[in-house]
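Listed here are the chains, written in short residue letters.
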Amino acid sequence: LVEDEQVEKARWVPYVYWRRQPYHGEYINIDSNGLRSTWQALWTDEGSQEKIRVFIFGGSTIWGSGARDDFTIPSFVSKCLARKGIPAEVVNRGESGYVSSQELTALILEIRDQNIPHFAIFYDGANDTFSAFQQESAGLPQNEFNRVAEFNSQRSDISLLETIKSIGNRLAVMRLAKGIFNRVLPPKQVKRRIEVDSAFAAEIGRDVIRVYHANLQILRGICDKFGINCLYYWQPTVFNKKKLTPFESFMRARQQEMAPFLNTVYQEARQLNVKGYRNLSNIFYEMEELIFIDWVHISERGNEIVGEEICGDIEAALNKRIGK
């Protein structure tokens, strides 16, 4: 818990808005690029099998909130591949609060810099959904109203360049608690339209999936162009688990106001039929053990289960490529 709080400092990064600052602790380690440490096997250079590079994109569930470095989803993918004898370098490119459009942009920037993986994995759903619920509009980064307020707060007599520089400097030293990564709702005196107007909520919900689907189509074109094998996963939440523990029931009740909208979006997500896409929303449906540590983040055991699923799909893709 202490380290979780200590890593809540972000720095401004062009195009994707933020990345965490470097940190070195007992359980959490972040490098100079803002990437969290991932378990890696010690492979020798012997043998003819090529080491595959796997980039895993997502929000805080991929970054590993509540988990140690070696027990995040990317680390379990790495462990599973090593156990299967598949040489791999797995990179955790998750970051708290990221939506699918930020991840798409992040991959484009890596390709631009000639840092091209063999596999690009995308694990999404909750952040895209919450951002739309939060702002009553689909396709925005979380807390976008903070950036609008920052921009509009500048005096009209200073230049645009000075305005952007000022915003960047201030955001670089903000803490998560001030709204960069936190899932917060704007202050309200009455229930918002998305909570009381079911037709409006359904429209926004469909738009969430429209934006997500468009991102997958763009990614497919990019991945085909650069020879990247892309896989996409829609993630589970505590609302997708049937047998809740008392703690999970408590955490679910805390987010009950969002439940109708989330269920609407998740129903739409089940209708998607895209190459490389898998809906994992019900992966914990029948499990009785504690999986969710809040409404969306999962335990290290949950990370292992998801990691094994992703690993299996990578193995299947590799086998298909060599004709097994």
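A brief report on the enclosed structure follows. (Residues numbered from 1 in each chain as written. Predicted model: local features only at pLDDT ≥ 70, side-chain atom pairs only at ≥ 80, totals over all residues. Heavy atoms only, no water.)

Another aspect to go through is the pattern of salt bridges. Scanning the entire structure with this criterion turns up 21 salt bridges. For Arg36, the salt bridge identified is with Asp69, shortest N-O distance 2.7 Å. Of this pair, Arg36 sits in the loop between β4 (29-30) and β5 (52-58) while Asp69 sits in the loop between α2 (60-63) and α3 (73-83), and the two are 33 residues apart along the sequence. In this structure, a network of salt bridges that share partners links the residues Glu136, Lys191, Arg192 and Glu195. (Salt bridge = Lys/Arg side-chain N within 4 Å of Asp/Glu carboxyl O. Helix = DSSP H or I, 4+ residues; strand = E, 2+ residues; numbered from the N terminus.)

For the rest of this paragraph, the subject is the state of the cysteines. This model, assessed by the stated rule, comprises two disulfides. Two residues, Cys223 and Cys230, share a disulfide whose sulfurs are 1.7 Å apart. Linking Cys223 and Cys230, the disulfide has an S-S dihedral of approximately -50° and is accordingly described as left-handed. Accessibility expressed as a relative area gives 1% for Cys230, which makes it buried. With its disulfide-bonded cysteines labelled consecutively along the sequence, the protein chain is connected as 1-4, 2-3. (Disulfide = S-S within 2.5 Å. Buried < 20%, exposed > 50% of the residue type's maximum accessible area, 1.4 Å probe, protein only.)

Even without being glycine, Gln114 reaches a positive phi, approximately 65°. By the secondary structure assignment, Gln114 is in the loop between α4 (100-112) and β7 (119-124). In the Ramachandran plot, Glu136 falls in the positive-phi region, its phi being about 55° despite a non-glycine side chain.

We now examine the sheet that holds strand β8 (residues 229-234). Read from one edge of the open sheet, five strands run β6-β5-β7-β8-β9, paired in parallel fashion. Looking at strand neighbours, the two that pair on one side only are β6 (88-92) and β9 (277-279), the edges of this open sheet. Between one strand axis and the next, the sheet turns through 15° on average, direction left out of account. The sheet contact formed by β8 and β9 spans three bridges and is parallel. Note that in β9 the partner of Tyr233 across the bridge is Arg278. Across the sheet, helix α9 (residues 198-226) touches β7, β8 and β9, and the angle it forms with β8 is around 165°. (Pairing = 2+ DSSP bridges. Axes fitted to C-alpha atoms, helices over the stretch in contact; angles between N-to-C directions. Contact = heavy atoms within 4.5 Å.)

Let us look at the nonpolar core. Counting 80 residues, the largest nonpolar core has Leu81 and Ile314 as the members making the most contacts within it. Top element by residues in this core is α9. It accounts for eleven residues. Excluding anything up to four places from it in sequence, Leu81 contacts Ile52, Val54, Ile86, Ala88, Val90, Cys311 and Ile314. Counting residues in each nonpolar core, the second largest holds five residues, with Val7, Ile28, Ile30 and Trp63 among its members. (Core = buried A, V, L, I, M, F, W, Y, C linked by side-chain atoms within 4.5 Å.)

Worth remembering: the numbers are spatial, not functional.
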